[in-house]
Structures are given as structure tokens and as C-alpha cells.
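Residue strings, one per chain:
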Amino acid sequence: MASVEDKSWGGGNPDEAPEYVHHRLKVWDEIVAKRQAQGAKKSTDKTSITISLSDGNKTEGIKGETTPIEIAKSLGENIAREAMVALVDENLWDMTRPLVADCSLKICNFETPQGKSVFWHSTAHMLGEAMEYKFKGELCIGPPLEDGFYYDIHLGEGRTVQDEAFKDLEKRIERISKSQRKFERLELEKDEARAMFSYNKFKMELIEKLEEGTTITAYRDGPFIDLCRGPHVPNSAKVKTIMVRKTGSAYWLGKVENPSLQRVYGISFPDKAQMKAYKTLLAEAAKRDHRVIGKDQKLFMFNQLSPGSAFLLPHGARIYNTLVEFLRDEYWRRGYEEVGSPNVFDFQLWETSGHAGKYKENMFSFDVEKREFGVKPMNCPGHCLIYGSTRRSYRELPMRMAEFGVLHRNELSGTLAGLTRVRRFVQDDSHIFCTPEQVKTEVIAFLDFMKHVYDIFGFTFELELSTRPKNYLGEVETWAHAEQMLTEALDEFTDSKCGEGWQLNPGDGAFYGPKIDIKLYDALKRRHQCATCQLDFQLPIRFDLWYHGPGTQEASNADGDGSTEAGLGPDLRSSPVTDVEQVDTDQTMVPTEAKTAAGGKHRPVIVHRAIYGSLERFFAILTEHYAGKWPFWLSPRQVIVVPVDPKFIDYSREVQEELRKSKFFADVDATDRKLAKKVREAQLAQYNFILVVGQAEVDERSVNVRTRENAVQGSQPLLEFRNKLEALRSEHM
């Protein structure tokens, strides 16, 4: 076994190694020696196992011996060479880790989401080693991201990671890669983990949070050892190119009262051509940065007196309002009813909904007459109050309740970033209250709605079904039925099965119900999470929501007085309804639930759904997607009239007024600049149409049309041109 003096290790020279590197290695070697002594008699069990491959074929292996990498080699050298990680029964698995039972097996390369994630996680470990040798700090966590990875390190007060260190870190990682290390996995008992990481208070905090008996794993490559669930790539040589991208600060576990950390971001690839393409993408993304375009086009601004809250300037408000009105029109066509709910609630609401325990630290709260109130971070509890305010009949369902509600979340100041991460925002939030039998139809209708919107904006998207997580609430049978309904909806919507038109994301559902995650792709093929569709069985229980089924007296007399005594919503002036506690502990229906259902009262299902998500974030995505070149229907600068001489300004105003009557955004350039300069400035300002007017246009009541791309369309009668614009707007062009 290698020692810390091994010259092949690339994190740094042996004399650079912090003392804790020696300590970790010593403890690791002691544990390995103990394991070897405990298992001195090697098992002679040669039990055969059956391995089902992703192509439908099956192969045989030996329990505890056969590894995914061996099977990959049997399938072809290219498959083995490109393999990053295995999926064993849908669980991530090291390529070199022996299989222990009959299983399904899928080999994942870098082009798969799992392969990318593991590849970047392994590179994060390599970055961690380089940071330990260079900065001698305490490493914290280093996860993969959707676009690379980062590692946090605690350096103490006043110490920061500067950009000048990036090149040195990259060279250290390159040396680690070239040393062709294998990643080794070791299972630890809790006391062993404590002994190994006793020098690091952050790792110790993570260890202490684990329950006794929990399997703890650590991974080692060369002298570097880290507390880690894994898995990892088979060999460090998989990493062919690395770029340290940026640095920033963060708080340990995201809490402002905790120590401040230095966060170093990076990205890596298994091929240098991929890095070249990525740098080209970065350069283009920089040109499209919504913060730059927003400033240049005077769309929005920020002020330190209200951090994380955007000020919409007139031209930005035009875009924002057009986005809202577009959805409002679609709501009307698709049977949604718009509502409004308060911004501030007694905290009893959040206790009832369950959000107090999960979101309180991210909420703005204050006292009113000795009671705690909170500014709402989401709309759903308020919509539950609206639903529960009166008796409901099955005839009223589905009830599609929409709101462009103003929300506030107390995001850490260090995480705020333009419009993409804010404290004050609006969601295109809707909640569909429906019967269980209506879920499939409503989900398909929502997916059709979402596709219609994304097609207009030019987005493509992927669909994932996220299923029951470990911390689920409710009954397994209810979850299974809900997941089956979503599966059928996805099959019907995509006209294909799982793995073709949509993907399965096991165990990643919300605690209250399964969900469909929608990932959209912009013009640069970057992935964004905006739309969502989530089933919720828990809020109707927490808020004691009902509807009356067919054949009951209540169903024929749905108009009630909103009395809570009829089981139509909890009285929030008192303590939370008792079934809230029942849900949290027993994860079952309240004792009277089945009896009440038999008597004609039924729980609705809530479908949480959004298409834009945060309007502010969607605004940012669109800005970068279009690179500031807004399509006509969405443009804040649709037309500018350019007179060839000051004596034609009056006619220019007439043209402007005629277009404004049809609610087009039209301006006049009344400056004394030369015509060519005016036209060029209008094109740079991204006006969709530039109308040049002179004596001929005055005489003919016409305009001479050209586009921002400098395509000259020539003279057109004014009213004919206005009709053309109306057609473009109605077609969302």
C-alpha cells in the first residue's frame, strides 16, 4: 500500500501534506488491517447470480466477485473504457464493487446524467486534495452540480481563495489525474469514522447526526480520504481536462450563524474537445447574461435598500405584463379561475400546513399583537383556505385555482443572483382540486398546456416521474395508485413508455406525493427547472378538506355558510387539527376517514402546478434564450418611427399614435442625428421594426419598413402594416 511519501501523488509534495493527511492514512490502514484479520478465511461460496442487462439480455456472475467493470469488458472495450458508474437495481454502484445478488445492471458513460454526476463528484475529490495541500484548511462538502462541482473549505477569519490560485489548483488536479489512481471504498462504524475525521469539526458534525448502526462509507484515492457515500469513477485518469471556474463564500450548512466558508467551483471533462466546446458556450452565455442585457435595455434594476427584490423599469414591465396576460388568456380558455390571497398570515396557518417546520428559517416573520405572523413563501395554504371556506360538491370539481401571488423567501445574501435567485418574486401558481378519478385527465391537460407554452417560446423539454421518497407521508397503496396514474398520463401524453418519451427518477418525489419534473432546454442547450406538476394527498388532510359525492343531501346543497363544524376546513384560531399529528406519526388516515368516505364525504386530491415557476427567473431565462432579441409579440420595443428630416416629426407622431391605438409599443426618434445613425441605433436597441418616413410616406399615408436584421421590406400603407403587426402578435411571432 502506498505511503504519503509516494512521489506519484499530485496534490502536492510530501512535505506539503497537512498533518491530518498522515492521521487519516494511519486510521484507514488500521481499519483495513482489522477487516482483513476478521475475514482471514476467505469465503469459498461461489453462488451464481443472474444479472439482467439494459438491452434485455441476461448474464451469469459470482456473488461477491463479479463486478460491473468485468461485465462491461465482456460487452466491448469501448463500453468499459467509457464507463463511469453502474446502476444496479436503479441504485448507483461503483464499477469495481462486486455484485451481491440477482440484479438489473446498466452501464453509464459520461453522456448519461448519472455518469456526469459521478464524474464531477470524483473530480471534486481531486479538487479537495489540491485545496488541502495548498491551503491547509478544513474541507467541508464537495458535491456535483448540474454543471460541474464545488468544494467548500474553512480557512479561518480573513483568509480567502483568490483567482490567482486557480492555475495552480488546476495543475495539481492534472497531476492527480495522470497518477491513475483507483478509488477505494471502505465501510466504517461510527466510532471508526470519528477516529478518522477527528481533526475536522465539520465532518464530525455530519458524523454525529447519523444514527447508530448507519453504514458510513469513506473513499480513498492516493493519500486523499473523504467521508463520502460515493460512488466514484474507476480511475482518476478518466479526467482529461479541468477548469477551476470561480470562487465565492458560503455558510456551513447554509445557515448565517455558522462559520463562513470559501467555495471553489470547477468543471471537468473526459475529452479536451468537450472543454473547448464548453468554453465557447461560456463565452456565448456571457454575451447573453440577463444582468448585462437587463441593464443595457433598461429592463430592471436592483437597490441595496431592498436586496434580492427587482425593480421593473417601464420596458421590463412591458415584458413582464405580456407574460402574465398571455397566461391569463390561456387560463380563460382552459377553465382556470383566478383568485387572490393575502401576503401575510398568522403563523398558525404554516403550522397547520406543515411548512413552519420545514421553511420557517427561509420566511420573513414578525410579531403582531403578541402573535407571530409570516409573509407567505408559497400560495397553496391560502388556496386551501379558499377551498375549505364553504361546502363543496363533486359537481364543482375539478376546481382550477390560479394566482399570480407575490411571494417572499429569505434567501441568504450570498446566494442572490440577478433575477435567477431573489427574495421577492411572483409564481404562476395554480392548484387543481379534483377527485382521484380526475387526476390522470388533469395531468394530461396540464402537460398539454405546458407544451403549448414552451413551443411558443422555442423551448424543448424532458419529463421525469419522481416517485415515493424515504420520508414519505401516507399509505404505500395510495402512493402506488398515484404513481400509476402519473405513469399512465405520461405514457398517453408522450405516446411512449418510460425510458423513451420520459424517464423514471426513483425516490425523488415530494414527501406529500409523487411529481412530474419538467426540465426545459434553452437556445444554448442549458437545462432549467421551471414547470412542475405535483400530487398532494396531505394538505387536504391537514386542512380537513372534503367534497360530497353523488347521491348525498350535501351534494345537492353545496352552497353553505363555510362553517368549520361541518368538517369543511380547520378553525385556525385554535390548535391545529388532530389529524395533522396523526399524519406525521402514524402516516395513516384519521380514524374517521374511511367511515366518512363511506357516508358520502371524500378527500380531494391537490395538483400543484406551474409553468413559468418564478416569473422573475423565467424572465431571466427568456432574456438569455433570446439574447435580448425579443420576438415581436413579447418585445418591449416593437416599432420606432424615424423621420428623415425634422419637418416630418408631426407625421411620425401620427404614425405612433395610430399604432398605440392598437396597443403596440411605438416610439419616435426625434433627435437631429443623421438617418443612418438613427437606423443603426434602433437596430442595436432591438426594435423589431424601423419605420422611415419622409415626404413620399406623408403623401401616401404609408411607412417604409425595415427590420432590426436590416431586411428592407419597403413602403407599405400604414393601416396595412398595422394589420400585419396584429397578425404577428396574435400568432405569437
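Keep in mind that this is a model prediction, so the values were computed, not measured.

A.B. asks: For this particular structure, what's the right way to read the packing of helix α14 (residues 439-457) against helix α19 (residues 615-626)?
C.D. replies: Helix-helix packing is described using two parameters, namely the angle between the two axes and the distance between the axes. For the pair α14 and α19, the least separation of the axes is 12 Å and the interaxial angle reads 40 degrees. Looking at the two axes, α14 sits oblique to α19. Residues Tyr454, Ile456 and Phe457 of α14 form the contact with α19, whose own contacting residues are Phe618, Leu622, His625 and Tyr626. Residue composition of the contact of α14 with α19, grouped by class: six nonpolar, one polar and no charged.

A.B. asks: How should the packing of aromatic side chains be read in this particular structure?
C.D. replies: The geometry of an aromatic ring pair is captured by the separation of the ring centres together with the interplanar angle, meaning the angle of the planes. One pass over the structure, following the stated rule, counts 34 aromatic pairs. Judged by centre distance (6.0 Å) and plane angle (75 degrees), the ring pair of Tyr472 and Trp479 falls under edge-to-face. Of the two residues, Tyr472 and Trp479, neither departs from the other in class, the shared state being buried. Among the aromatic residues, ring-to-ring pairing joins Phe326, Tyr454, Phe457, Phe459, Phe461, Tyr612, Phe618 and Trp633 into one connected group.

A.B. asks: Would you mind showing me how to read the side chain of Arg603 here?
C.D. replies: Inspection of the secondary structure assignment puts Arg603 in the loop between β27 (601-602) and β28 (605-610). We classify Arg603 as buried; its relative accessible area is 13%. Within the local environment of Arg603, its side chain forms a polar contact with the backbone oxygen of Pro540, the two atoms lying 3.3 Å apart. Only 3.0 Å separates the side chain of Arg603 from the side chain of Asp544, close enough to count as a polar contact.

A.B. asks: What is the right way to look at the pattern of salt bridges in this model?
C.D. replies: Pairs can form between side chains of opposite charge whenever their charged atoms are close. Going through the model one piece at a time under the given rule, you end up with 51 salt bridges. Each of Lys190, Asp191, Arg194, Glu208 and Glu212 takes part in salt bridges that share partners, so that together they form one network.

A.B. asks: I tried to follow the pairing of β28 on my own but got confused; where do I start?
C.D. replies: Successive side chains on a regular strand alternate, one facing one side of the sheet and the next facing the other. Of all six residues in β28, six are buried, a share of seventy percent or more. In β28, alternate side chains face the same way, and those of Val605, Val607 and Arg609 on one face and Ile606, His608 and Ala610 on the other are all buried. Sheet analysis places strand β21 (residues 424-434) next to β28, joined by five bridges and oriented antiparallel. Bridge assignment links Ser430 to a residue of β28, and that residue is Arg609. Judged from the five bridges that link them, strand β25 (residues 527-536) and β28 form a sheet pairing that is antiparallel. Residue pairing across strands places Leu535 opposite Val607, the latter belonging to β28.

Cut-off values and rules
Residues numbered from 1 in each chain as written. Predicted model: local features only at pLDDT ≥ 70, side-chain atom pairs only at ≥ 80, totals over all residues. Heavy atoms only, no water. Axes fitted to C-alpha atoms, helices over the stretch in contact; angles between N-to-C directions. Helix = DSSP H or I, 4+ residues; strand = E, 2+ residues; numbered from the N terminus. Parallel < 35°, antiparallel > 145°, perpendicular 65-115°, else oblique. Contact = heavy atoms within 4.5 Å. Nonpolar A, V, L, I, M, F, W, Y, C, P; charged D, E, K, R; others polar. Phe/Tyr/Trp six-rings, centres within 6.5 Å; stacked < 30°, edge-to-face > 60°. Buried < 20%, exposed > 50% of the residue type's maximum accessible area, 1.4 Å probe, protein only. Polar contact = N/O pair within 3.5 Å; in protein donor to acceptor, adjacent residues only side chain to side chain. Salt bridge = Lys/Arg side-chain N within 4 Å of Asp/Glu carboxyl O. Pairing = 2+ DSSP bridges.

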